[in-house]
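Chain and residue survey
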Amino acid sequence: MIAAAATNDGARTAAPGASDAPVGDALEGAATLSVGMAVALGAVFMAFAAVLLAYAIVRVQAPGWPPPGEAPPPPLWPWPALATAAALVGSAAMGWAATRNPGGRPRPRLLPPLVLATVAGVTFMVVQSLGWRWLLQTGVRPDSGLVASVIFALTIFHAAHAGAALIFLAPLVVRVGRGSGVRRSSVAAVASFWHLVTVAWLVVLVAVFVA
Amino acid sequence: MTDASVKFVPDGAPAGEQLAPAPTSLWRRFIFSTDHKVIGRQFLWLGLVFLAVAGTLSMLMRWQLSHPGMPVPVVGRLLFPATGGIVSPATYTALFTMHGTIMIFFAITPILIGGYGNFCIPLLIGARDMAFPLLNLLSFWTMFAATAVLTASFFAPLGPPSSGWTSYPTLSTAVGAPGVAQTLWVVAIYLNGASSVMGAVNYITTVIRLRAPGMTFFRMPLTVWGFWLASILNALFVPVLAAAAVLLFFDRVLGTRFFTAGTAIKAGGDPILYQHLFWIFGHPEVYILILPAWGIASDLLSFFARKPAFGYRVNVWSLIAIVILSGVVYGHHMFATGMSPMLGESFMLLTMIISVPAITMGVSWLGTVWRGALRLTTPMLFALGLVFVFGAGGFTGLFLADILADVYLHDTFFVVGHFHLTMSAAVLLGAFAATYFWFPKMFGRMMNERLGQAHFVLTLVTIIITFGGQLVLGYAGMQRRLPDPSAYAFLRPLMPLNRLISNAAFVMGAAQLLFVVNFFYSLFWGPAAPANPWEVGTLEWTVASPPPHHNFAEIPRVFGGPHELGNPAVKEKLGRDYLAQNEEGPT
């Protein structure tokens, strides 16, 4: 019980902490950004997991799928297939951008993949909007039944995150378009968010439209 | 987020590195500041305002429970003109809904996690700011938007939200709660969650990446451990609540059927599904609220017992064990839903296991105080009060963890007494301890000790009467959410107790005015605070009060733990009984 020298860490020497490495350089900032992005991705993952859990429970408890009297989910062609293509192109473009080191003169190297990703992302949003419009025109509304509930809820929830991915990308495109530099880590962070949104779409695709 | 990282000057940058100068415009300094100290104060103000609002709502409820059907004195006719100042059953339902919602999401969360989390984490680990200052700013203003939406819901046509702070369907569906109020509630909760997740991203990253050289995880103050672990729970489980909120929003606005039960001709979802999603979040949430308070109390007990924290590592591992267990016990909130007995038994067992790390932590608190040279300052009194109140509340949790007892107690005031002792009284005592302790660092002035002690005594005594009395009420069978206990013959003998509880609650409410007076008086006229008024060694006390814009002129080098107190060798060499974390010490 004597307090003498009762440190929490034994001897009073400067133990090499995590931030004991040379700090303040670009590598250090990149690692910080990737930790932050990993936490954010974990949070988004949990949100998707919860929504999919809700879908699973609703579906398991339903008297058959589609439940009696409800239309099955729409066919894969054209809506979900086109959306999937756009998502994959967008993710691939972001992956391409992330491998191109923006050091030095970033514009000529980074602009093509970032523009391609933007186009793919916008295309994805347009395809989703057309998909919802087409559903509404064919008489399928969110309150039509369980299958319709699931289709609308999951695709809207996913599209909101796709929209966030586009918002994260916008400052990068503007900077590169102006010719000012962007950090490699920023491109990598946005790319990782795009990949998560694409993976989430593939899960939604399989869970809602295929299974 | 990407933008923030581009602008941010990393901590501990090598000599010659340029720090952004402190902003000079009022706008950037006080409104849209990215300084964690300013954002912390913004969260604190916001939380204190809503604490007062939610506290007032509880006073109205207590009036109705002790004087059912009588007009509320003074403010009654102003607030409830339609009923001549009487709290109607519908109003009572709205009152407890808004009281719970505001206290949990808009008072405790902003004060402790938003306010002290922001203010303390960078200062205590030796960093110049959060990892993502712009995200931090966004987190506060998202919270602000959430409070605006929630405030609007008070004035919605058809009345304020009234389906409880849990907002279970079918009460909260478009059928059970028509009108825009419940939709606004859902939006407010979603925004609040978004703000919490942004904060969590920042806190987790800051602790992992921006600790000063030598500040190992096991040299961090327990306060930082509390905030860090609470942030991990926030990042993992608040998104589950957000998902439930989104689905409830779709159910209400688009007409989807996730939480609407099916009928013979139309398949439907499951109201109980919402309860699962809610409590998957909801049980970690109670630890999100209490973990920071535990961490703060653990540090303060050591500081004011002038001894190193007893079993620092044991304490940390207990916190970690509780964090892990908190994710797998949520089913004990749903024993009354008719879950499978096998499942219920697992949840019961896991819940009871939480008492092992909890009591381990309690023992290390007692070990810290044992034979210490106690300095009974106001922050220490509140920390000791927390230990007592949480102990009492924690033991009553064992009753509720047990399925058989819970089935009887679940819908009674016993539950109200239990969760108020643990996650409101104990947490608020922690928040007051933090305020009395860090006020000098935050605002550069000392608070009045005498007023603080009076505030403590009145608050502690009335807490015990109010919430202890509620345990008795519940054990005697009085239901929760009941607007008029005198309506039932079997509850009428409890009316004297209800009166006593209400009177204690009114005194508690009045006692908080001492805090308000103390806070504002000290803010303007309190004596100037020295850099280290409490004579403790954590890093925030090594800089001026209040700290300069970038906290540390030079990033400190850390040589020891946070509780270097009462070391005879130090006393002999330096003539004081504490050693700062950035001092090498006598060798």
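Notes on the structure in this doc start here. (Residues numbered from 1 in each chain as written. Chains lettered and ligands numbered in written order. Predicted model: local features only at pLDDT ≥ 70, side-chain atom pairs only at ≥ 80, totals over all residues. Heavy atoms only, no water.)

Turning to the overall build of chain A, a few remarks are in order. Assigned secondary structure in chain A consists of 5 helices and 0 strands. Secondary structure elements of chain A, listed N to C terminal, follow the sequence α-α-α-α-α. Looking at chain A as a whole, 47% of its 211 residues are labelled buried. Of the contacts made within chain A by residues no fewer than 6 positions apart, 79% connect residues no fewer than 24 positions apart. Carbon together with sulfur atoms contributes 71% to the accessible area of chain A, which is approximately 9,200 Å² in total. (Helix = DSSP H or I, 4+ residues; strand = E, 2+ residues; numbered from the N terminus. Buried < 20%, exposed > 50% of the residue type's maximum accessible area, 1.4 Å probe, protein only. Contact = heavy atoms within 4.5 Å. Areas by Shrake-Rupley, 256 points an atom, 1.4 Å probe, with all protein chains shown as cover.)

Counted according to the given criterion, the structure contains 6 cavities of 30 Å³ or more. A volume near 120 Å³ is recorded for the largest cavity. Lining the largest cavity are 14 residues, with Gly121(A), Phe124(A), Ala162(A), Trp194(A) and Val197(A) positioned closest to its centre. Counting residues per element, the ones that place at least two in the lining of the largest cavity are helix H2 (79-99), helix H3 (106-137), helix H4 (146-178) and helix H5 (184-210) of chain A. Considered class by class, the residues forming the lining of the largest cavity number 10 nonpolar, 4 polar and no charged. Within this model, the second largest cavity holds a volume of roughly 90 Å³. Taken together, 13 residues form the lining of the second largest cavity, with Phe43(B), Ile113(B), Gly114(B), Ser195(B) and Ser196(B) sitting closest to its centre. Listed by contribution, the elements that provide at least two residues to the lining of the second largest cavity are helix H5 (89-125), helix H6 (133-154) and helix H7 (180-209) of chain B. Broken down by class, the residue content of the lining of the second largest cavity amounts to 4 nonpolar, 9 polar and no charged. (1 Å grid on protein atoms, 1.4 Å probe; cavity = no way out; pocket = protein on both sides within 12 Å on 5 of 7 lines; lining within 4 Å. Points joined across faces, edges and corners; volume = space filled by probe spheres on them. Nonpolar A, V, L, I, M, F, W, Y, C, P; charged D, E, K, R; others polar.)

For the rest of this paragraph, the subject is the layout of surface pockets. Over the atoms rolls a probe the size of a water molecule, and in doing so it shows where empty space is left. If you add up the space inside the second largest pocket, you get close to 1,100 Å³. Around the second largest pocket, the lining is made up of 35 residues, and of these His161(A), Ala164(A), Tyr190(B), Ala194(B) and Met198(B) lie nearest the centre. Elements with a minimum of two residues in the lining of the second largest pocket: helix H1 (26-61) and H4 of chain A together with helix H1 (2-7), H6, H7 and helix H8 (222-253) of chain B. At 9 residues, the largest contribution of residues to the lining of the second largest pocket is made by H7(B). Here the residues of the lining of the second largest pocket sort into 32 nonpolar, 2 polar and 1 charged.

What follows is about the packing of aromatic side chains. Residues and elements named next belong to chain B. Summed over all chains, the structure comprises 59 aromatic pairs over all chains. Residues Phe-50 and Phe-106 carry aromatic rings whose centres are separated by 6.3 Å and whose planes lie at 45 degrees to one another, so their mutual orientation is tilted. Residue Phe-50 is found in helix H3 (residues 36-66), and its partner Phe-106 is found in helix H5; the two are separated by 56 residues along the sequence. Taken individually, Phe-50 and Phe-106 each receive the classification buried, so the pair is uniform in this respect. Taken together, a centroid distance of 5.8 Å and an interplanar angle of 80 degrees make the contact between Trp-225 and Trp-228 edge-to-face. Of this pair, Trp-225 and Trp-228 are both found in helix H8, 3 residues apart, which corresponds to roughly one turn of the helix. An aromatic cluster of three or more residues is present, and its members are Trp-45, Phe-382, Phe-432, Tyr-436, Phe-439, Phe-443, Phe-456, Phe-515, Phe-519 and Phe-520. Taking the ring centre of Phe-218 as reference, the NZ or CZ of Arg-313 above it sits at 4.3 Å. Over the aromatic face of Tyr-578 sits the side chain of Arg-576, whose NZ or CZ is 4.8 Å from the ring centroid. (Phe/Tyr/Trp six-rings, centres within 6.5 Å; stacked < 30°, edge-to-face > 60°. Lys NZ or Arg CZ within 6 Å of the ring centre and 35° of its normal.)

Our focus in this paragraph is the environment of Ala81(A). Mapped onto the fold, Ala81(A) is located in helix H2. Counting along the chain gives 59 residues from Ala81(A) to Val140(A), while the straight-line C-alpha distance between them is 19 Å.

Residues and elements named next belong to chain B. Here H8 spans 44 Å end to end across 32 residues, near enough to the 46 Å set by a 1.5 Å rise per residue. At Ala-235, H8 shows its maximal kink, close to 35 degrees; a proline, Pro-239, follows between one and four residues later. Burial within H8 is extensive, with 28 of its 32 residues counted as buried. (Expected span 1.5 Å × (residues − 1). Bend = angle between axes of the 7 residues up to and from the residue.)

Residue and element names in this part refer to chain B. In contact at an axis separation of 11 Å, H5 and H7 are set at 15 degrees when each is read in the N-to-C sense. Taken together, the axis directions place H5 and H7 in an arrangement best described as roughly parallel. Handedness of the crossing formed by H5 with H7: left-handed. When H5 is examined against H7, the residues Thr-101, Phe-105, Phe-106, Thr-109, Ile-113, Gly-114, Gly-117, Asn-118, Ile-121 and Ile-125 are found in contact with a partner set consisting of Trp-185, Ala-188, Ile-189, Asn-192, Ser-196, Tyr-203, Thr-206 and Val-207. (Axes fitted to C-alpha atoms, helices over the stretch in contact; angles between N-to-C directions. Parallel < 35°, antiparallel > 145°, perpendicular 65-115°, else oblique. Left-handed = near helix turned anticlockwise from the far one by under 90°.)

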